[in-house]
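# Close look at the chain arrangement
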Amino acid sequence: MAAMKILTGTGLFLAFCALGLLAMAICTDYWYETDARRHRERCKNYANKRNDPGYIYISNHNLPLQMPPKSLERKGNGPDAGALIRGKRHFLAAASAMESHCSRQFNSTVSGLWRKCHREGFDLETEDLIHKGIIQRCTPVKYHYSSSILPRHLPINITKTIRQDEWHALHLRRMTAGFVGMAVSIILFGWIIGVLGCCQQHDLMQYVAGLLFLMGGTCCIISLCTCVAGINFELSRYPRYMYGLPEDISHGYGWSMFCAWGGLGLTLLAGFLCTLAPSLSTPTRTTTHKPRQENGTV
């Protein structure tokens, strides 16, 4: 009996901690973080590589292909000539990729279920614009489809692909928010039933509470998996030059995501303890005394 009370109390305490972690994860905006400081520095250095008077920078897209040196032309198609040509092509491709990435403005941001915000103190130019009121610190995450977010002046096939991908990303965001809300509701309901069962010494209520904790953990697993799938899908959307991130931008999951995973682990452990506790209870046996038969009675 004492072991059952210990397991039930521990399970209810873990479920309460899981509710706190999940509520903290839902209310904060640190699910996914990006740091674009190194990328912005590289773009500034790339744009300011020549500042002397009279220098005119011409983009690599407008330069003609250069012919190999005459010494290599005499040798024919030797290995040195091929290596030099491949090196020039690699340099031109890297320079054009740098130009395409620097043409977009990347900011250091944090995003959650409800908002996407600029990180404070990371980009001085962005901070100046925020203090002037030109841009907002945070923008809400949209859970409804709007055609205004689609880019203009693109071919029809690319626009159609972007529209389909936007619907898919929207579906993943809705699943993430919906299932994490269901998980918190089910865990809270199971915790109330578990507390009532512990107060009334009712084994069935404690068992039901454990099953509800496991069900809430399942909803939490679905929510976190769709969240990870949604982030990976956003990074791999087509066209890459509009939705992809350069290699010099560091990005990853924030502490809100880890709070959600911690709440998931505590919920599953609480469900295991609460379903195990009723099996350790010793049922009270009631002994009934049969009346003694006397001689001459059947």
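In this text the structure is predicted, and so the values were computed from the model without any measurement.

### Some details on the environment of C138
- Position of C138 relative to the elements: it lies in strand β4 (residues 138–140).
- Judged by its relative accessible area of 18%, C138 falls in the buried class.
- With 109 residues separating them along the chain, C138 and D29 place their C-alpha atoms 9.9 Å apart.
- Setting aside chain neighbours within four positions, we find C138 in contact with R115, K116 and C117.

### Focus on the packing of aromatic side chains
- This model, assessed by the stated rule, comprises 5 aromatic pairs.
- Between the aromatic rings of F16 and W191, the centroid separation amounts to 5.7 Å while the plane-to-plane angle is 35 degrees, which identifies the pairing as tilted. Of this pair, F16 sits in helix α1 (residues 2–27) while W191 sits in helix α6 (residues 156–200), and the two are 175 residues apart along the sequence.
- A ring pair is formed by Y30 and W255, whose centres lie 5.4 Å apart and whose planes are at 25 degrees; its orientation type is stacked. Highlighted residues: Y30 in the loop between α1 and β1 (32–35) and W255 in helix α9 (residues 255–276), separated in sequence by 225 residues.
- Taking the relative accessible area as the measure of exposure, Y30 reaches 33% and is therefore partly exposed.

### As for the confidence of the model for the chain
- With 73% of its residues at a pLDDT of at least 70, the chain reaches an overall mean of 79.
- Mean pLDDT across the elements of the chain bottoms out in helix α4 (residues 79–103) (49) and peaks in α9 (94).
- A low-confidence stretch, residues 59–66 (pLDDT under 50), is modelled with 10 contacts involving residues beyond four sequence positions or located in other chains.
- Confidence drops under pLDDT 50 across residues 87–98; counting only partners more than four residues distant or on other chains, this segment forms 11 contacts.

### Concerning the pattern of salt bridges
- Applying the stated criterion across every chain yields a total of 9 salt bridges.
- One salt bridge connects R115 with D29, and the closest N-O pair in it is separated by 2.4 Å. With R115 in strand β3 (residues 115–118) and D29 in the loop between α1 and β1, this residue pair connects regions lying 86 residues apart in the sequence.
- With relative accessibility at 39%, the residue R115 sits in the partly exposed group.
- Through salt bridges with shared partners, a single ionic network connects E166, R173, E234 and R237.

### A look at the packing of α1 against α9
- For the pair α1 and α9, interaxial distance at closest approach is 7 Å and the crossing angle is 160 degrees. The angle between α1 and α9 places the two elements in the roughly antiparallel class. The two elements α1 and α9 cross, and the hand of that crossing is left-handed.
- Here the contact of α1 with α9 is built from residues that sort into 19 nonpolar, 7 polar and no charged.

### Things to note about the sheet that holds strand β5 (residues 250–253)
- Strand order across the open sheet formed by 5 strands is β4-β3-β2-β1-β5, with antiparallel pairing between neighbours. Of all strands in the sheet, those bounded by a partner on one side alone are β4 and β5. Mean inter-strand twist for the sheet, computed between neighbouring axes without regard to direction, equals 15 degrees.
- As judged from the 4 bridges shared by β1 and β5, these two strands associate in the antiparallel manner. By the bridge assignment for β5, Y32 is matched with Y253.
- With respect to the sheet, helix α7 (residues 203–235) is in contact with β1 and β5, its orientation differing from that of β5 by roughly 160 degrees.

### Side note on the nonpolar core
- Membership of the largest hydrophobic core comes to 33 residues, with the highest contact counts inside it found for W31, F213, C220, L224 and A260.
- Elements that contribute at least two residues to this core include exactly α1, α6, α7 and α9.
- Counting residues per element, this core draws most heavily on α1, at 9 residues.
- Residues within four places of C220 in sequence aside, it is in contact with L22, A183, A260 and L264.

Conventions we followed
- Residues numbered from 1 in each chain as written.
- Predicted model: local features only at pLDDT ≥ 70, side-chain atom pairs only at ≥ 80, totals over all residues.
- Heavy atoms only, no water.
- Helix = DSSP H or I, 4+ residues; strand = E, 2+ residues; numbered from the N terminus.
- Buried < 20%, exposed > 50% of the residue type's maximum accessible area, 1.4 Å probe, protein only.
- Contact = heavy atoms within 4.5 Å.
- Phe/Tyr/Trp six-rings, centres within 6.5 Å; stacked < 30°, edge-to-face > 60°.
- pLDDT = per-residue confidence, 0-100.
- Salt bridge = Lys/Arg side-chain N within 4 Å of Asp/Glu carboxyl O.
- Axes fitted to C-alpha atoms, helices over the stretch in contact; angles between N-to-C directions.
- Parallel < 35°, antiparallel > 145°, perpendicular 65-115°, else oblique.
- Left-handed = near helix turned anticlockwise from the far one by under 90°.
- Nonpolar A, V, L, I, M, F, W, Y, C, P; charged D, E, K, R; others polar.
- Pairing = 2+ DSSP bridges.
- Core = buried A, V, L, I, M, F, W, Y, C linked by side-chain atoms within 4.5 Å.

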